[in-house]
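Tertiary structure, described
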Amino acid sequence: MIAKIGRSENLYGALAYNNLKVEKENGQILFANKIIETSDGQYSVAQLAQSFAPYLLANLNTQKHTLHISLNPDPKDNVSDDKYREMAQQYMREMGYGEQPFVVFKHTDIDRSHIHIVSVCVDENGKKISDKFEKMRSMNICRELERQYNLIPATDKERQQNDKVFKPVDYKADDVKSQIASVVHHLPNYYQFQSLGEYNDLLSLFNITTEKVEGELHGKAQQGLLYIPLNAQGGKAGNPFKASLFGKSAGLPALEFHFEKSKEALKNHPTKPTLKAAVTIALQSTADELSFKKQLGEQGINVVVRRNDTGRIYGMTFIDHNSKTVWNGSRLGKEFSANTFNDYWNNNIKPEIKEPITKESKISTSNDVVLPKEDPHHLFDFLSTNKHEDGLIEAFGGLLIPEAQGEDYEEQEFANRMKKKRKRKRGQK
């Protein structure tokens, strides 16, 4: 079993991400520790968050107070819900979080079931719980759980792969070729994408793009692929590299085979409704591109916007690092086409999109504490306006999140403010 521990300052984002899985029937709440119970056994994100509020209010100076852990058994392990509950409680207790409020979510939207645990790492007095030797302690607990519950032990190779983090290419460095190789060798093993355009959008997070080249050899038409490093602004920088330098898996024939496999796999992919709901919520609760990207980024979803020279949006791609899937906007849904976003962000024409259908998750209750009904999605307004979020993708526990190129949101917000000031000054003259 492999455990992954992530920290962020966005409790609502972590709860909402997991609760969306429940609402879309791709997950369930297995256990809740020190969570205020409701009279009907149903929970919204707001109601779950209430149990954490005293801890966050007492927080003294810990910025990344939210804990998001995943426990991932081997796909061949058959783990019952009761075993998951016991393992989660034992893991949290031995890690020092047994007296904290936490919620255990089971995910079933990929080919292996696994659990996510959301909690906070500050106690009721606002003091941070020690994380010394955390990784070593976590590994030891996982080995003990494997022995105790007869699980297949995770190999060293699996643990190393799980910890893999890809970095954007630095075109100014001397080893650009090896930097590109480290990305292109692995991305197709982790991510599903259906076209060269979607592959390029994924590569753009790592400062790489590809270009098709055509020619003729012995009278036969030939097609090849070049890999080109990009600068921070997305412009081409440095010399191109032939795909053959990175092996057959980086070439066009192998990629086209991957496209076809991905099309079949994504045809009825269970994560699609969850992603559509997240994008819909972000569209409804944000007013501009910056806050839209930021809100989805906090849920582990990158947004790649393609524009022509006049600034018109002609392409939208959503990269969900939670499910390792890449979706062109139109492929995700007609309502998410480039025209929708161009009309909204460039022409101020807000799209008419239906509310996502949601339902509350259920856990058993034993008392009659009544909490007000709240639409959990109204809380996403908080995510889009909270000035304390850094806008970079947080590593949700157990998810392979690349150290991809992030948006510098503060810098962009400053630039936008300066533009508005200049416009006001011109208008006053």
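Residues numbered from 1 in each chain as written. Predicted model: local features only at pLDDT ≥ 70, side-chain atom pairs only at ≥ 80, totals over all residues. Heavy atoms only, no water.

1. Focus: the overall build of the protein
- Secondary structure assignment for the protein yields 16 helices and 13 strands.
- The buried share of the protein, reckoned over its 429 residues, is 51%.
- Residue pairs at least 24 apart in sequence account for 68% of intrachain contacts in the protein once pairs closer than 6 positions are excluded. (Helix = DSSP H or I, 4+ residues; strand = E, 2+ residues; numbered from the N terminus. Buried < 20%, exposed > 50% of the residue type's maximum accessible area, 1.4 Å probe, protein only. Contact = heavy atoms within 4.5 Å.)

2. Details of the environment of P240
- Mapped onto the fold, P240 is located in the loop between β8 (220–229) and β9 (241–242).
- The spatial distance from the C-alpha of P240 to the C-alpha of Y227 is 5.5 Å, given a sequence separation of 13 residues.
- If we skip the residues at most four places from it in the chain, P240 touches L226, Y227 and I228.

3. With respect to the confidence of the model for the protein
- Across the protein, pLDDT averages 81, with 78% of residues at or above 70.
- Per-element averaging of pLDDT across the protein places helix α15 (residues 380–385) at the bottom with 32 and helix α4 (residues 81–95) at the top with 96.
- When the criterion is pLDDT under 50, residues 357–413 qualifies, and its contacts beyond four places in sequence or with other chains add up to 158 contacts. (pLDDT = per-residue confidence, 0-100.)

4. Some remarks on the nonpolar core
- Ranked by internal contacts, the top residues of the largest apolar core, which has 28 residues, are I180, Y199, L202 and Y227.
- Where this core is concerned, the elements lending two or more residues are α7 (176–184), α9 (196–204), β8 and α10 (252–266).
- The element best represented in this core is α7, accounting for five residues. (Core = buried A, V, L, I, M, F, W, Y, C linked by side-chain atoms within 4.5 Å.)

5. So, the pattern of salt bridges
- Considering all chains together, one arrives at 15 salt bridges under this definition.
- The partner of D201 in a salt bridge is R306, and the shortest N-O contact between them spans 2.5 Å. Within this pair, whereas D201 is found in helix α9, its partner R306 is found in strand β10 (residues 301–307), the two being separated by 105 residues in sequence.
- If you follow the salt bridges from partner to partner, you end up with E289, K293 and R307 in one network. (Salt bridge = Lys/Arg side-chain N within 4 Å of Asp/Glu carboxyl O.)

6. Considerations on empty space enclosed by the protein
- According to the stated counting rule, one finds three cavities of 30 Å³ or more in the structure shown.
- Of the volumes computed, that of the largest cavity is approximately 70 Å³.
- Lining the largest cavity, in full, are Y17, L20, K21, T271, T274, L275, A278, Q299, I301, D320 and N322.
- Elements with a contribution of two residues or more to the lining of the largest cavity: α1 (11–23) and α11 (272–285).
- For the lining of the largest cavity, the class distribution of residues is five nonpolar, four polar and two charged. (1 Å grid on protein atoms, 1.4 Å probe; cavity = no way out; pocket = protein on both sides within 12 Å on 5 of 7 lines; lining within 4 Å. Points joined across faces, edges and corners; volume = space filled by probe spheres on them. Nonpolar A, V, L, I, M, F, W, Y, C, P; charged D, E, K, R; others polar.)

7. Some remarks on the pairing of strand β6 (residues 114–120)
- Most of β6 is tucked away, with seven of its seven residues classed as buried.
- Judged by which residues are buried, β6 turns out to be covered on both faces: H114, H116, V118 and V120 on one side and I115, I117 and S119 on the other are all buried.
- The pairing of strand β5 (residues 102–107) with β6 spans six bridges and is classified as antiparallel. Bridge pairing in β6 places V103 opposite V118. (Pairing = 2+ DSSP bridges.)

8. Considering the sheet that holds strand β2 (residues 27–33)
- If you trace the five strands from one edge of the open sheet to the other, you get β1-β4-β6-β5-β2, paired in antiparallel fashion. Among the strands making up the open sheet, the edge pair consists of β1 (2–8) and β2. Along the sheet, successive strands turn relative to each other by an average axial angle of 20°, direction set aside.
- Strand direction decides the pairing type here: β1 and strand β4 (residues 66–72), joined by seven bridges, are antiparallel. Bridge assignment links R7 to a residue of β4, and that residue is L67. (Axes fitted to C-alpha atoms, helices over the stretch in contact; angles between N-to-C directions.)

9. Remarks on the packing of aromatic side chains
- Applying the stated criterion across every chain yields a total of 11 aromatic pairs.
- Taking 6.5 Å as the distance between ring centres and 85° as the angle between the ring planes, the aromatic pair formed by Y199 and Y227 counts as edge-to-face. In this pair, Y199 is assigned in helix α9 and Y227 in strand β8, connecting sequence segments 28 residues apart.
- Y227 gets classed as buried once you look at its relative accessible area, which sits at 0%.
- Relative to F341, the ring of F318 lies with its centre 6.1 Å away and its plane at 50°, an arrangement referred to as tilted. Linking F318 in strand β11 (residues 313–320) with F341 in helix α14 (residues 338–347), this pair joins segments that are 23 residues apart in sequence. A single burial state applies to F318 and to F341, both of which are buried.
- Within the aromatic cluster, the residues linked to one another by ring pairs are F193, Y199, Y227, F241, F246 and F259. (Phe/Tyr/Trp six-rings, centres within 6.5 Å; stacked < 30°, edge-to-face > 60°.)

10. Observations regarding the sheet that holds β11
- Spatially, the three strands line up as an open sheet ordered β10-β11-β12, and their pairing is antiparallel. Since the sheet does not close on itself, it has two edges, and those belong to β10 and β12 (325–328), each with one partner. Ignoring strand direction, the axes of neighbouring strands in this sheet form an average angle of 20°.
- Summarising the sheet, β10 and β11 pair through seven bridges and their orientation is antiparallel. Each bridged residue has a counterpart across the sheet, and for N302 the counterpart in β11 is I319.

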